[in-house]
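Observations on chain architecture
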There are 4 protein chains.
Amino acid sequence: MAKAAVIGGSGYTGAELLRLLAHHPDIEVVQVTAATNAGATVTDLYPSLGPAYDGVRFEPFSTESLSAGLDLAFVALPHGESQRHASPLIEACAHVVDIGADFRLPAAAYATWYGTGHEAPELLGQFSYGLPELFRDEIRAFPHVANPGCYPTAAILSLAPLLALGLAEPTGIVVDAVSGISGRGRSLTEENLFSEANENVSAYGLLDHRHTAEMEMALSAVAGTAAQVVFTPHVAPMTRGILATCYARPAASGLSSAGLLDHYRDFYSGEPFVRAVADPPPTKATAGANTFLVTPRFDPRTGTIVVVGALDNLVKGASGQAIQNANLLLDLAETTGLTDLGIMP
Amino acid sequence: MAKAAVIGGSGYTGAELLRLLAHHPDIEVVQVTAATNAGATVTDLYPSLGPAYDGVRFEPFSTESLSAGLDLAFVALPHGESQRHASPLIEACAHVVDIGADFRLPAAAYATWYGTGHEAPELLGQFSYGLPELFRDEIRAFPHVANPGCYPTAAILSLAPLLALGLAEPTGIVVDAVSGISGRGRSLTEENLFSEANENVSAYGLLDHRHTAEMEMALSAVAGTAAQVVFTPHVAPMTRGILATCYARPAASGLSSAGLLDHYRDFYSGEPFVRAVADPPPTKATAGANTFLVTPRFDPRTGTIVVVGALDNLVKGASGQAIQNANLLLDLAETTGLTDLGIMP
Amino acid sequence: MAKAAVIGGSGYTGAELLRLLAHHPDIEVVQVTAATNAGATVTDLYPSLGPAYDGVRFEPFSTESLSAGLDLAFVALPHGESQRHASPLIEACAHVVDIGADFRLPAAAYATWYGTGHEAPELLGQFSYGLPELFRDEIRAFPHVANPGCYPTAAILSLAPLLALGLAEPTGIVVDAVSGISGRGRSLTEENLFSEANENVSAYGLLDHRHTAEMEMALSAVAGTAAQVVFTPHVAPMTRGILATCYARPAASGLSSAGLLDHYRDFYSGEPFVRAVADPPPTKATAGANTFLVTPRFDPRTGTIVVVGALDNLVKGASGQAIQNANLLLDLAETTGLTDLGIMP
Amino acid sequence: MAKAAVIGGSGYTGAELLRLLAHHPDIEVVQVTAATNAGATVTDLYPSLGPAYDGVRFEPFSTESLSAGLDLAFVALPHGESQRHASPLIEACAHVVDIGADFRLPAAAYATWYGTGHEAPELLGQFSYGLPELFRDEIRAFPHVANPGCYPTAAILSLAPLLALGLAEPTGIVVDAVSGISGRGRSLTEENLFSEANENVSAYGLLDHRHTAEMEMALSAVAGTAAQVVFTPHVAPMTRGILATCYARPAASGLSSAGLLDHYRDFYSGEPFVRAVADPPPTKATAGANTFLVTPRFDPRTGTIVVVGALDNLVKGASGQAIQNANLLLDLAETTGLTDLGIMP
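Residues numbered from 1 in each chain as written. Chains lettered and ligands numbered in written order. Predicted model: local features only at pLDDT ≥ 70, side-chain atom pairs only at ≥ 80, totals over all residues. Heavy atoms only, no water.

1. Describing the sheet that holds strand β11 (residues 242-248) of chain C
All names here are of chain C. Going by this rule: Whether two strands pair comes down to DSSP finding at least two bridges between them. Working definition: helices are DSSP H or I runs of at least four residues, strands are E runs of at least two. Numbering for both runs from the N terminus. The contact criterion used is simple: two residues touch if any of their non-hydrogen atoms lie within 4.5 Å. The axes are straight lines fitted to the C-alpha atoms, using for helices just the contacting stretch, and the angles between their N-to-C directions are given from 0 to 180°.
Overall, mixed pairing links the 7 strands, which are arranged β9-β10-β8-β11-β14-β13-β12 in an open sheet. With one partner strand each, in any of the chains shown, β9 (202-203) and β12 (274-276) form the two edges of the open sheet. Relative to strand β14 (residues 304-311), β11 runs antiparallel, the two sharing 7 bridges. By the bridge assignment for β14, A244 is matched with G309. The sheet strands contacting helix α7 (residues 150-164) are β8 (173-179), β10 (229-235), β11, β12, β13 (292-299) and β14, and the helix crosses β11 at an angle near 35 degrees.

Written out as structure tokens, the structure reads:
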């Protein structure tokens, strides 16, 4: 039984980690930390978790107070915090799975998109980019994992077959995505209030959302050449779910929707958590599950490839994928502790 | 591995049975039937279930076409259908768990509340009322189970400690409950349309909702005397969840909120799926889980006991409880295949 | 054209005042103040109001900086603030309509329910309780109005005919009400976050919600004897709307649902904003309108009167009623600037 | 006072017409028809409309039973019905505003996109395409109006300035739009059920949604050359609102986001219902209002123009715009009976 800490466990990705790990047969949560919520019990914030974490309190985080004998740390800290604490965490744990953005990009790209230099660039080389369907070997080869962002997971898995197989141009790509509100976390801002977010769809982060950099990095790796994406995130009045609708220009002739579906089924053949499907996937089909659903189309009229992908931003887009990565790091079956069945209705 | 059929599997309780049973280690679904949806695949209706039921089709239901060797049938048919088909079902399966209302009430009460005579009164004696926390011994002693209604599960578990311990009067009880829309099933009516149900709360079934009879039957059994309830159901714009707020008059002196909480904790001590809690329970804490959460209060100012109970109407209020009952019938651990952790946020 | 200030205009009741007053032919908003949002434009917070308030900024509030020549001030300050600022406001404006709770209760009741002494008890006598359907003459006779709370408006209008006509006992009353999230205002608390409030119903303020005092005060006035209420508020995942389901014991014989409906229609005959209806009213029928819908029932089986009332908590439950009161104070037609048609779907 | 009939008044666009026309000083509804709902009262279906339509019943529609002396008919019939009934309607009324799709496209385009020949092609020439901001003169010059679709209104108004001013290429345009569920009408289909639509975003009509033809027709007219659009509609769990996010390639150099905003402000200068704004517009800002909000961006990194537009699909996207058109036909002030203020929160 691997011993794990959840660092920054009071946010939504932390809570989802706690929920999923409670069902995990080979990982045991031995410590949970929080910042402003330190001192509260897990149940105070998440009565849903009472039966599994009765009496467990969020401890204040300090590298000195980490439990002894940790095999693994899941880190769900606000942006910028991980790089500050990474060095002692790495010393204390054989494996770190960082759910934040701090170790996903090379130092230069990080500086460009985050507007500030990376504080621990010497550690970047120890982290793989944890998208198992594309980078499983690297994940196994590196000690630590930078867990992908929720939008990038959806966009990259939607577009990777096209670029890997040379079916689409790597530039001129549009990613138009809609997320549930939980993607913005548990922060107290007016836009996250029920009365403002309900009965409302809006775009945000026009042109410069930081997740663009991740999409371009991973798609470039898949394409073997520089990919370029314009990305528009939106929020819709639901708690969970991301739907990414992606547009690309064909780089091959003879495309058809049926042919693309075959390509996608081949490409993801054997993947336990990815399903290429014929009908447009509803986000609800993935609720609570580590599943990614995707359908491709080719429009001969306008010469456009359209791909629609769906996932639960807190599971395959965050905490579920983190456990999938942890399973790889710990040499467990990749599906351990995870479900592929969504909750519907 | 017990072989089970899900009869009437295309509605929401059927879908939830399929989801939960896919994770059950000791029950295998070998047949799924539907009426109007016969011929469709499970995935057509519930893409969430694709990974577990790929290619499985809803068969038209007939007692002749039941699979051989069934150990168990879960029946999720519209009201009135079960009693019509019960006789051959009982012959074909050692155990029937009927999620509908047909076998919950004695014949006389059935006729009163449903406005028509029961069509199979001779079979009523073979069904226990499947609320394990109160009637576990009967469930084990009878071959078949009438699974309680969603509202009655919430109301009865909220009030049972008061009546069992003689703390409240068995008459003058008010049950005011709010349900998610899935409680009205998958039927195509205007009131179930998103655009009508969203941003809307309304009451319905004023004074004569049929679940009243179940509440009175079970609470009378617990009290040892006739209980009487006025029940007002409401719908709120959420998919799942029931919150029952119950009002009763004290039958003992010296009551206090703290004392009542102690009584509730004692009464439900050892129950795996019931938790008496100090704070008002949010329905969301039970989403997807077989959990019932309850908190009692005593108001010395007005001399009123107030109890608030929460559950997921499709799980503890229907399909989860059906599996809990099946586990009892099959002599499995009562919690097999069920989770007590809600999905939150 | 009466000149009005909206004091504390950046919250939801303030925004709704601004929206409604923009359509009012006889009241002109000449000043809008806010505390933490001072300096922002109205449109920054409410882009919905752009066409009417382009460039208008929330000013910081001080009694010194009140516009000259104000005829009227609508005050939508947090609890406790009105009583601190009432004296200069009253000097500056002929009429104050206070949407907060500060001037609704007599000093003694205020101290009991709010746990602290009133800071301006000498001014209480200048405020009427602004429920026009019951206290229209008082509203016209006093210079200022304490606008009722949202829950009390729903509960009192639901129960008043019973108590005025001696049909129900004034004690043993239960008010079980469900509100949209906007009823808790624009405050940044976790419980108001979309991801926590969505797909969730919960009770709060068990036994001691302060609105109980208002209900008892007004119902006692109507009954001519002390009324007593146990009140349980709930929140449901919608932005607007209150549904109050009220239970009372009969004080007269020969009651019937049809007879009660006649009594309600008589009682509210001629009221422009109250309609007694045969079917349970959905809250959505009142969205954006100053309308209160109500239906009564009598259950001969249990001897219980059940009354269900619906309104929009931001309109008839707050800002619409404030304008209705202002119209009375200014001798305008009571319906000026208000609609009785809800937005549905 | 113009006398109007609402033909097909029991759906959501019909209900919204009834709501808005109740406040219109110069148009009086003298007849309301419905098909399956004939015989019901308006209030049975929409208790929100009770105060204005008490006792009014939906009549069965037949051209023989049209009221005498009609000045105007608003037609909100299912697709294909208008063309069948247009001839007698045109004889009976000086002006028809058809909210359906039957008279929007030329006969050839109609046959292509609707898969069937038009049944009244000889009448097409009497209908203008009713987007006042672009085609006001034509609307005034023709007797009848084909009211635009909801998605086309959003997409065309978002893109028209770019094409009119030669700033964007007319081909390679992507329109990715999200609608509230009311856009699919009041039809009883599983996908419209609350429990399926809630907590769910999905795409539909991939590649071949019929509204594409309208967008291309109107944008071609604006551009003076053939425009081509790939359009992906989505539904999100809200009742009202459309957000269109549009992507186009620049056809001019020196573009910037600030410059585009200036262009949009100039282009829509003086328009009472269109506002070019700096921040991404939330759909909620337009709820219940006839307002269209739009913001443009230019991304120099990828060379992409992104435009985001928001409206209420039942108002500016349907019934509000129909009244705007009727005002033009009747020589009334264009804003009569319409509000530009959204309801928020």
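2. Here we look at the interface of chain C and chain B
Convention followed: The term buried area denotes the loss of accessible surface (1.4 Å probe radius) that occurs when two parts are joined, taken as the sum for both partners. Salt bridges are counted wherever a side-chain nitrogen of Lys or Arg sits within 4 Å of a carboxyl oxygen of Asp or Glu. Side-chain classes follow a simple rule in which Ala, Val, Leu, Ile, Met, Phe, Trp, Tyr, Cys and Pro form the nonpolar group, Asp, Glu, Lys and Arg form the charged group, and the remainder, Gly included, forms the polar group.
Listed per partner, the contact involves 47 residues of chain C and 47 residues of chain B. Of the roughly 3,800 Å² buried where chain C meets chain B, counting both sides, 59% is carbon and sulfur surface. Counting the surface chain C buries against chain B, the share from its top three residues, E199, L207 and R301 of chain C, is 18%. Our count for the chain C to chain B interface comes out at 2 salt bridges. Where R301 of chain C meets E216 of chain B, a salt bridge forms, and the shortest distance between an N and an O atom there is 2.7 Å. Where the side of chain C that touches chain B is concerned, the elements lending two or more residues are β8, α8 (194-197), β9, α9 (211-223), β10, β11, β13 and β14 of chain C. The residue inventory of the side of chain C that touches chain B, partitioned by class, reads 22 nonpolar, 15 polar and 10 charged.

3. What about helix α1 (residues 12-22) of chain D?
As a reminder, the rule being used: Under the scheme applied here, a residue whose accessible area is under 20% of the maximum for its type counts as buried, over 50% as exposed, and between as partly exposed, the area being computed with a 1.4 Å probe on protein chains only.
Among the 11 residues in α1 of chain D, 9 count as buried, and that is most of the element. For α1 of chain D, the complete set of buried residues consists of Y12, G14, A15, E16, L17, L18, R19, L20 and L21 of chain D.

4. Structural notes on the interface of chain D and chain A
Short version of the rule: The definition of a polar contact used here is a pair of N or O atoms within 3.5 Å, where within protein one atom must be able to donate a hydrogen and the other to accept one, and adjacent residues in sequence count solely through side-chain atom pairs.
Between chain D and chain A, the residue contacts involve 47 residues of the former and 47 residues of the latter. For the pair chain D and chain A, the summed buried surface comes to about 3,800 Å²; carbon and sulfur atoms form 59% of the total. The interface formed by chain D and chain A holds 2 salt bridges in total. At the junction of chain D with chain A, the criterion picks out 26 residue pairs in polar contact (both at pLDDT 80 or more). If you list the elements that add at least two residues to the side of chain D that touches chain A, you get β8 (173-179), α8 (194-197), β9 (202-203), α9 (211-223), β10 (229-235), β11 (242-248), β13 (292-299) and β14 (304-311) of chain D. Its residues assigned to classes, the side of chain D that touches chain A comprises 22 nonpolar, 15 polar and 10 charged.

5. Some points on the pairing of β14 of chain C
Regular strands show a simple pattern: their side chains alternate between the two faces of the sheet. All names here are of chain C. Counted residue by residue, β14 has 8 buried out of 8 residues, so it is predominantly covered. Note: β13 against β14, 7 bridges, orientation antiparallel. When the sheet's bridge partners are listed, R297 is paired in β14 with V306. If you look at the hairpin formed by β13 and β14, you'll find 4 residues sitting between the two strands, and G303 has a positive phi there, around 65 degrees.

6. What about the relation of the copies chain D and chain A?
Threshold: When the copies are superposed, the least-squares fit draws on C-alpha atoms of residues that have pLDDT of at least 70 in both.
Expressed as a screw operation, the relation of chain D to chain A combines 0.0 Å of axial shift with a rotation of 180 degrees, fitting to an RMSD of 0.0 Å. A rotation of that kind, with that shift, is consistent with a two-fold axis. Most of the interface of chain D is mirrored in chain A, where 100% of its interface residues are also at the interface.

7. Regarding the relation of the copies chain C and chain B
Mapping chain C onto chain B is achieved by rotating through 180 degrees and translating by 0.0 Å along the same axis, at an RMSD of 0.0 Å. Both copies share a contact surface, since 100% of the interface residues of chain C are interface residues in chain B too.

8. Regarding the domain arrangement of chain A
All names here are of chain A. Applied cut-off: Throughout the structure description, domain borders are defined by an automatic or database domain assignment.
You can read the domains of chain A as domain 1 (2-148 + 316-329) and domain 2 (151-313). Spacing between the C-alpha centres of domain 1 and domain 2 amounts to 24 Å. Contacts between the two partners involve 27 residues from domain 1 and, on the opposite side, 34 residues from domain 2. Roughly 2,300 Å² is buried in total at the junction of domain 1 and domain 2, and carbon and sulfur atoms are behind 60% of that figure. The largest share of the area that domain 1 buries against domain 2 comes from Y12, W113 and K316, three residues that together contribute 30% of it. Between domain 1 and domain 2 we count 3 salt bridges in total. If you look at where domain 1 meets domain 2, you find 12 residue pairs in polar contact (both at pLDDT 80 or more). Of all the elements in the fold, those that place two or more residues in the side of domain 1 that touches domain 2 are α1 (12-22), α5 (107-114), α6 (132-141) and α11 (315-329).

9. Here we look at the confidence of the model for chain A
Convention followed: As a per-residue measure, pLDDT tells how confident the predictor is, with possible values from 0 to 100.
For chain A, the average pLDDT comes to 97, and 100% of its residues sit at 70 or higher. Among the scores for the predicted complex, ipTM is 0.97 and pTM is 0.98.

10. Considering the packing of aromatic side chains
The cut-off we apply is this: In this analysis, rings of Phe, Tyr and Trp, with Trp reduced to its six-membered ring, are considered paired at centre separations within 6.5 Å, and the interplanar angle assigns stacked below 30 degrees, edge-to-face beyond 60, and tilted for intermediate values. Here, a charge over a ring is recorded when the distance from Lys NZ or Arg CZ to the ring centre is within 6 Å and its angle to the ring normal is within 35 degrees.
The tally for this structure, following the rule as stated, stands at 22 aromatic pairs over all chains. Centre to centre, the rings of Y129 of chain D and F135 of chain D are 6.1 Å apart; their planes meet at 70 degrees, and the pair counts as edge-to-face. Residue class for F135 of chain D comes out buried when judged on its relative accessible area of 12%. Ring plane angle 90 degrees and centroid distance 5.0 Å describe the contact between F267 of chain D and Y268 of chain D, whose orientation is recorded as edge-to-face. On the accessibility criterion, F267 of chain D (28% relative accessible area) is partly exposed. Relative accessible area serves as the criterion here: at 4%, Y268 of chain D is assigned to the buried category. The ring of Y204 of chain A has R184 of chain A sitting right over it, with the charged end atom 5.8 Å from the ring centre.

11. Topic: the pattern of salt bridges
Side-chain pairs of opposite charge can arise where the charged atoms are in close proximity. Tallied over the full model, the rule gives 56 salt bridges over all chains. When the shortest N-O distance is used, the salt bridge between R104 of chain B and E214 of chain B registers 2.7 Å. Placement of R104 of chain B in the loop between β5 (95-98) and α5 (107-114) and of E214 of chain B in helix α9 (residues 211-223) is noted, with a sequence separation of 110 residues between them. For E214 of chain B, a relative accessible area of 1% gives the class buried. Each of the salt bridges in this network shares a partner with another, and the network as a whole consists of E16, R19, R240 and D312 of chain A.

12. Here's the deal with the packing of helix α6 (residues 132-141) of chain C against helix α11 (residues 315-329) of chain C
Residue and element names in this part refer to chain C. Heads up, the rule is: Note that the term roughly parallel is reserved for angles under 35 degrees, roughly antiparallel for angles over 145, roughly perpendicular for angles of 65 to 115, and oblique for everything else. It is the rotation of the near helix from the far one that decides the hand of a crossing: anticlockwise by less than a right angle makes it left-handed, clockwise makes it right-handed.
Contact geometry of α6 with α11 gives a least axis separation of 10 Å together with a crossing angle of 40 degrees. Taken together, α6 and α11 sit at an angle that is classed as oblique. Considering the relative orientation of α6 and α11, their crossing is right-handed. From α6, P132, E133, R136, I139 and R140 reach across to α11, where they touch K316, Q321, Q324, N325, L328 and L329. Taken together, the residues of the contact of α6 with α11 break down into 4 nonpolar, 3 polar and 4 charged.

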